[in-house]
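These are the residues of each chain, in order.
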Amino acid sequence: MKSRLLSQAVLNFTLRPQVDRAEIPLHGVILLVGSPGTGKTSLARGLATRASDVLKGLGNFLYLEVEPHTLTSAALGKSQKAISELLGNTISEFASTRPVVVLLDEVETLASDRSKMSLEANPIDVHRATDAVLAQLDQLAIKHTNLLFIATSNFPEAIDSAFLSRADLIMTIELPGPEACRKILISSLEALGRSFPAVKQVSSDPIFEEAARLCRGLDGRRIRKIIPTACTFSKQTALDPNRLTAKDILLAVQHVQEEMTARGKKK
Ligand SMILES: Nc1ncnc2c1ncn2[C@@H]1O[C@H](COP(=O)(O)OP(=O)(O)O)[C@@H](O)[C@H]1O
Ligand SMILES: [Mg+2]
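Residues numbered from 1 in each chain as written. Chains lettered and ligands numbered in written order. Predicted model: local features only at pLDDT ≥ 70, side-chain atom pairs only at ≥ 80, totals over all residues. Heavy atoms only, no water.

Draft legend 1. Structural view of the site of ligand 1. Around ligand 1, the neighbouring residues are Ser 35, Pro 36, Gly 37, Thr 38, Gly 39, Lys 40, Thr 41, Ser 42, Ile 184, Gly 220, Arg 221 and Arg 224. Between an oxygen atom of ligand 1 and a side-chain N or O atom of Thr 41, the distance comes to 2.7 Å. Here an oxygen atom of ligand 1 and a side-chain polar atom of Arg 224 are 3.2 Å apart. When isolated, ligand 1 has an accessible area of 560 Å², and the protein chains bury 73% of it. Broken down by secondary-structure element, the contributors of at least two residues to the shell around ligand 1 are helix H2 (40-54) and helix H9 (220-230). Of the residues that constitute the shell around ligand 1, the class distribution is two nonpolar, seven polar and three charged. (Near = heavy atom within 4 Å. Polar contact = N/O pair within 3.5 Å; in protein donor to acceptor, adjacent residues only side chain to side chain. Areas by Shrake-Rupley, 256 points an atom, 1.4 Å probe, with all protein chains shown as cover. Helix = DSSP H or I, 4+ residues; strand = E, 2+ residues; numbered from the N terminus. Nonpolar A, V, L, I, M, F, W, Y, C, P; charged D, E, K, R; others polar.)

Here it is as structure tokens:
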């Protein structure tokens, strides 16, 4: 998956300057969708770094992050202006001088699905903001072939279909599989072990493996919280995390899973 993403990012810079847009319409947009905590933002950041490493020959890449909600929370009537200003002026100026990768995190706030909004319930400003984004993306795609947007979304169903159709690649990021769950736990343990060395032994306990298996169905962010949670079952361990045991970790996973089940039932 990572290699496919990287290839798409690289292709953006090798292909777009060379081919006719009318025949091969690439917009320079990659969209990562998936549940919260599945690693989309981290992946997008990593992708920007890896792509600029692979494409060193193109010169120094500029990496920008846009938090769309800071634009759309602007006072009524201002969103459209803020977006036009950012995409049409700021980003366009940067992209005239060097290759640029822009992260549009949680893009659903910026390119909201107009078909799902009623004009009464949603300020017309949001409609205009979405229109402005689409128009600017088209302009940027024509003007700058050395520009790549990596967009992420927790709610792809809330994104306007016209934005979706502009994405050159839409990739769904799934919950971590069994091996990934284990790796995330190990990586958190290692991080704790750098300050509390006794913790490192915990991963060789068979109970640790049981805990890792039980992480199934949890997202990466939840799993990263397991180890700190496991340190809270006794005051002594909270005072000295060197005391952490595999059993504490198992208990922490069980608690999280139980809580998830209880919440699922409530729904
Ligand atoms: N598959 C994964 N492998 C390793 N870490 C992950 C994974 N998924 C999520 N994480 C971790 O969870 C945290 C939240 O990830 P983030 O990229 O913010 O998720 P998202 O943007 O999808 O909500 C980060 O600390 C990230 O390292
Ligand atoms: Mg995110």
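From this point, the discussion proceeds with the structure in view.
Draft legend 2. Structural context of the domain arrangement of the protein chain. Partitioning the protein chain into structural domains gives domain 1 (2-172) and domain 2 (178-254). Each of domain 1 and domain 2 was reduced to a C-alpha centroid, and the two centroids are 36 Å apart. (Domains from an automatic or database assignment.)

Draft legend 3. The arrangement of the packing of helix H7 (residues 178-193) against H9 in detail. Relative orientation of the contacting elements H7 and H9 amounts to 40°, with a least axis distance of 9 Å. It follows that H7 is oblique to H9 by the angle criterion. Our pair here, H7 against H9, has a crossing hand that is right-handed. Contacts between H7 and H9 involve Cys 181, Ile 184, Leu 185, Ser 187, Ser 188, Leu 189 and Leu 192 from the former and Gly 220, Ile 223, Arg 224, Ile 226 and Ile 227 from the latter. By residue class, the composition of the contact of H7 with H9 is eight nonpolar, three polar and one charged. (Axes fitted to C-alpha atoms, helices over the stretch in contact; angles between N-to-C directions. Parallel < 35°, antiparallel > 145°, perpendicular 65-115°, else oblique. Left-handed = near helix turned anticlockwise from the far one by under 90°. Contact = heavy atoms within 4.5 Å.)

Draft legend 4. Up close: the environment of Leu 175. Along the polypeptide, Leu 175 turns up in the loop between strand S5 (169-172) and H7. On the accessibility criterion, Leu 175 (38% relative accessible area) is partly exposed. On a C-alpha basis, the gap between Leu 175 and Gln 18 in space is 37 Å, while along the polypeptide they are 157 residues apart. Non-local contacts of Leu 175, meaning those with residues more than four positions away in its chain, are made with Thr 38, Gly 217, Leu 218 and Asp 219. (Buried < 20%, exposed > 50% of the residue type's maximum accessible area, 1.4 Å probe, protein only.)

Draft legend 5. Representation of the nonpolar core. Among the nonpolar cores identified, the biggest contains 30 residues, and Val 102, Phe 149 and Phe 163 are the most heavily contacted of them. Looking at this core, the elements with two or more residues in it are strand S1 (29-33), strand S2 (62-66), helix H4 (79-97), strand S3 (100-104), helix H5 (124-143), strand S4 (147-153) and helix H6 (161-166). Setting aside its immediate chain neighbours within four residues, Phe 149 contacts Gly 28, Val 29, Ile 30, Leu 87, Ile 91, Val 102, Leu 104, Leu 137 and Leu 140. Grouped together as the second largest cluster of nonpolar side chains are 24 residues, Ile 186, Ala 246, Ala 252 and Val 256 included. (Core = buried A, V, L, I, M, F, W, Y, C linked by side-chain atoms within 4.5 Å.)

Draft legend 6. Quick look at the pairing of S5. Alternating positions in S5 separate cleanly, Leu 169 and Met 171 being buried on one face and Ile 170 and Thr 172 remaining unburied on the opposite face. Two strands pair when backbone bridges link them, and S1 and S5 are joined in this way by four bridges, in the parallel orientation. Along S5, the bridge assignment pairs Ile 30 with Leu 169. (Pairing = 2+ DSSP bridges.)

Draft legend 7. Focus on the side chain of His 27. Residue position: His 27 is located in the loop between helix H1 (2-15) and S1. Among the polar contacts listed, one links the side chain of His 27 to the side chain of Asp 138, at a separation of 3.2 Å.

Draft legend 8. Representation of the environment of Ile 91. You can see Ile 91 is positioned in helix H4. The class for Ile 91 is buried, based on a relative accessible area of 1%. The contacts of Ile 91, once residues within four sequence positions are left out, are Leu 64, Val 66, Leu 86, Val 102, Leu 147 and Phe 149.

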